[in-house]
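Letter by letter, the chains look like this.
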Amino acid sequence: MANEMTRDNHYVPCWYQRGFLELGKSQLCYLNLSPDVIRLPDGRTIQKKRVHWWTPTQCFYETDLYTTFFGFEANDEIERMFFGRIDTEGSKAASAYASGDAIAMHHTFHALFEFLDIQRLRTPKGLDWIKSRYGHLDQLQLMVEMQGLRTMNCTMWVEGVREIVTADHSDIKFIVSDHPVTIYNRECPPLASECVYPGDPSTEWCGTQTVFVLNANTCLILTHLEYAQSPEAGSPKQARTNARYRGGQTLARTDAFIRKRQLSRDDVVAVNFLVKSRARRFLAAGREEWLFPEKAFSGDWKSIASVLLPKDDLWQFGGEIFVGYKDGSTFRQDAFGRTSGAHEYLKRKEPRPACKPNDPCGCGSGRIYKHCCESIPEDERPSWNVLGIRERGAMLCNAILGIVGLSDGKSWDDVRRELSDDHIRRIFGFVEMLWPEDTNLKELLPRPATGISRVVYPSHLDARTVQATVVGWLPGFYPVSTDTYEKADTGRKECSCRSEGSSARSSSKGLSSR
């Protein structure tokens, strides 16, 4: 019936699962990594079967995973209307990229990455990841947040190296898990703190790669350009250049795909081992023996990196993009999506050397090293390579003094009398130079520290726009609790904001709204 309610929600679409069926077969071998245990009346326990042969309609679904409720009335619009469109376009994209149809790949380029992003969030593991970043979400709020975050990784994925590999020369084919968009970083094995369920290595890290098996014979691998070019340079857990979630628009060549590698049997086993390691509970494949790659995998976690790393044709990626318009204007973007060139004129002339405990800190905060960055891991510090917030503020103050004439001996009465539109224009021009639109605020912001209170001033506030101007900023900051303490020398009470630790991350990691 046309109006029949859809309550069994497939978080791995049926059309996608069919790509893993053996030729002429209608069932997949389905593995439950944590089968349920049944307790009998006499006290004995029986574990349910781990392996089943089921059709795609019987696999990878949960009842009411996306259903919302108003009282006792159920609503399935998210399944029908939201995922209906995304799955329709996603199936076309997956088919195009699996087959190598260049024209279809061009037309479905955006749909592919939109599908990848929402596929990472729509699974039980993805939804648990969203909930872990917030204090509490009911079902309706969870569905709203899922939709709001659905393109958070697209910008960085598109700007990376895109490679499609095949299992044509292997008798073992790829498997599919209940969390098909698999994240890998060689420095984050399954037992690492970053990988504690429902976590994954951050996609903004330079050495993080994204693996998405398109079907049993084809796999898409996304790698950050810097890592692909120099995999041993720097830490794999450092942020890539101009890393940004939900980073707005960027330009990329839709025909830039590496499509030459045919993986060996051992390589396919390594990919399957990775997929199984990051699964939540369920796996499926065309054959039962493929579901146990650990029996044939002889390497360690870091050895998977050599399988995933693109090796040829990197010349297709990187460089600058220039666009000319009919009105004579132009647009420029570098390999990392930067448009202003500020990373050149705002970088430090000389890299900061290693600091001694009582030296000024290399981040430019004005504090000494031992009270600033010494205890912070290097990949979590504010950048030492570009001018910091305090330094830019000092530059702006000096510029204003020069523009209005205070540095030449004029008084404030002179300034008030002579202030002109040109002065204001020049001041705002300097602000724009110091803080261009592509400024990466995250690499400049200091990390939470005990005993230090920080305030963000969002300028003019209006009750009618407070949600857009203030609430929208909340995901960018750690939650803080305010404690009062009495100073011994004055007896006066002051406030100190103390970080609650790592219960939430920055907005690029999917943030707490507290």
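**Q** Looking at this model, I keep getting lost on helix α5 (residues 124–132). Mind explaining?
**A** Every α-helical turn comprises 3.6 residues, leaving residues that sit three or four positions apart pointing alike. Taken together, the buried positions of α5 are Pro124, Lys125, Gly126, Leu127, Trp129 and Ile130. Those residues of α5 hidden inside the fold are in contact with β6 (61–63), α4 (109–122) and α6 (139–148).

**Q** Please explain the packing of aromatic side chains as it appears in this structure.
**A** Aromatic rings considered in pairs are described by the distance between their centres and by the relative angle of their planes. A full pass over the atoms with the stated rule returns 17 aromatic pairs. Here Trp15 and Phe115 contribute two aromatic rings whose centre-to-centre distance is 5.4 Å and whose plane-to-plane angle is 45°, an arrangement assigned as tilted. Of the two residues, Trp15 is situated in helix α1 (residues 14–17) and Phe115 in helix α4; the sequence distance between them amounts to 100 residues. Residue class for Trp15 comes out partly exposed when judged on its relative accessible area of 23%.

**Q** It is not clear to me how the state of the cysteines should be interpreted in this structure. Could you clarify?
**A** What we call a disulfide is simply a covalent bond connecting the sulfur atoms of a pair of cysteines. Counted according to the given criterion, the structure contains 0 disulfides. Counting only cysteine sulfurs, Cys372 is the nearest neighbor of Cys363, a cysteine outside any disulfide, at a range of 3.6 Å. You can call Cys363 buried: its relative accessible area is 8%.

**Q** Just to check I follow, could you spell out the packing of helix α2 (residues 77–99) against α4 for this structure?
**A** Think of two packed helices as two axes; the pair is described by the angle between the axes and how far apart they sit. Across the interface, α2 lies against α4 with an axial gap of 8 Å and an inter-helix angle of 120°. Of the possible angle classes, the one that applies to α2 and α4 is oblique. Read as a crossing pair, α2 and α4 show a hand that is left-handed. Within the contact between the two elements, α2 uses Phe82, Phe83, Arg85, Ile86, Asp87, Glu89, Gly90, Ala93 and Tyr97 and α4 uses Phe109, Ala111, Leu112, Glu114, Phe115, Ile118 and Arg122.

**Q** When you look at the pattern of salt bridges in this model, what are you seeing that I'm missing?
**A** When the charged atoms of two side chains with opposite charge come close together, those side chains can pair. As enumerated under the stated definition, the model contains 32 salt bridges in all. The salt bridge involving Asp200 is made with Arg278; its shortest N-O contact spans 2.7 Å. Of this pair, Asp200 sits in the loop between β11 (181–185) and β12 (208–215) while Arg278 sits in the loop between α9 (265–277) and β14 (282–285), and the two are 78 residues apart along the sequence. As far as burial versus exposure is concerned, Asp200 and Arg278 are alike and both buried.

**Q** Would you mind showing me how to read unusual backbone geometry here?
**A** The linkage connecting Tyr197 with the following residue, Pro198, adopts the cis geometry, with an omega of 5°. By the element assignment, Pro198 lies in the loop between β11 and β12. Even without a glycine there, the phi angle at Phe60 is positive, about 55°. Locating Phe60 in the fold gives a position in the loop between β5 (51–54) and β6. Not every positive phi belongs to a glycine, and Asp313 is a case in point at roughly 60°. Residue position: Asp313 is located in the loop between α10 (304–308) and β15 (321–324).

**Q** What is the right way to look at the side chain of His224 in this model?
**A** With respect to the helices, strands and loops of the structure, His224 is situated in the loop between β13 (218–223) and α8 (225–229). A polar atom in the side chain of His224 sits 3.3 Å from the backbone oxygen of Trp205.

**Q** Would you take a moment to explain the pairing of β12 for this structure?
**A** Counting buried residues along β12, 8 of its 8 residues qualify, which places the element largely inside the surrounding structure. When β11 meets β12, the two strands line up antiparallel, connected through 5 bridges. In the sheet register, Ile183 faces β12, and the bridge partner there is Thr210. Note: β12 against β13, 6 bridges, orientation antiparallel. Counted as the bridge partner of Asn215 is Thr218 from β13.

**Q** Can you help me understand the sheet that holds β14 in this one?
**A** Think of a sheet as strands paired side by side through backbone hydrogen bonds, with each pair either parallel or antiparallel. Strand order in the open sheet formed by 4 strands is β5-β2-β14-β10, with antiparallel pairing between adjacent strands. Only two strands of the sheet have a single neighbouring strand rather than two, namely β5 and β10 (176–177).

**Q** Before we go on, may I ask you to explain the sheet that holds β11 in this structure?
**A** Spatially, the 4 strands line up as an open sheet ordered β9-β13-β12-β11, and their pairing is antiparallel. Each having just a single partner strand, β9 (161–166) and β11 make up the two edges of the open sheet. Recorded for the sheet is a direction-independent mean angle of 25° between the axes of neighbouring strands.

Procedures and definitions
Residues numbered from 1 in each chain as written. Predicted model: local features only at pLDDT ≥ 70, side-chain atom pairs only at ≥ 80, totals over all residues. Heavy atoms only, no water. Buried < 20%, exposed > 50% of the residue type's maximum accessible area, 1.4 Å probe, protein only. Helix = DSSP H or I, 4+ residues; strand = E, 2+ residues; numbered from the N terminus. Contact = heavy atoms within 4.5 Å. Phe/Tyr/Trp six-rings, centres within 6.5 Å; stacked < 30°, edge-to-face > 60°. Disulfide = S-S within 2.5 Å. Axes fitted to C-alpha atoms, helices over the stretch in contact; angles between N-to-C directions. Parallel < 35°, antiparallel > 145°, perpendicular 65-115°, else oblique. Left-handed = near helix turned anticlockwise from the far one by under 90°. Salt bridge = Lys/Arg side-chain N within 4 Å of Asp/Glu carboxyl O. Polar contact = N/O pair within 3.5 Å; in protein donor to acceptor, adjacent residues only side chain to side chain. Pairing = 2+ DSSP bridges.

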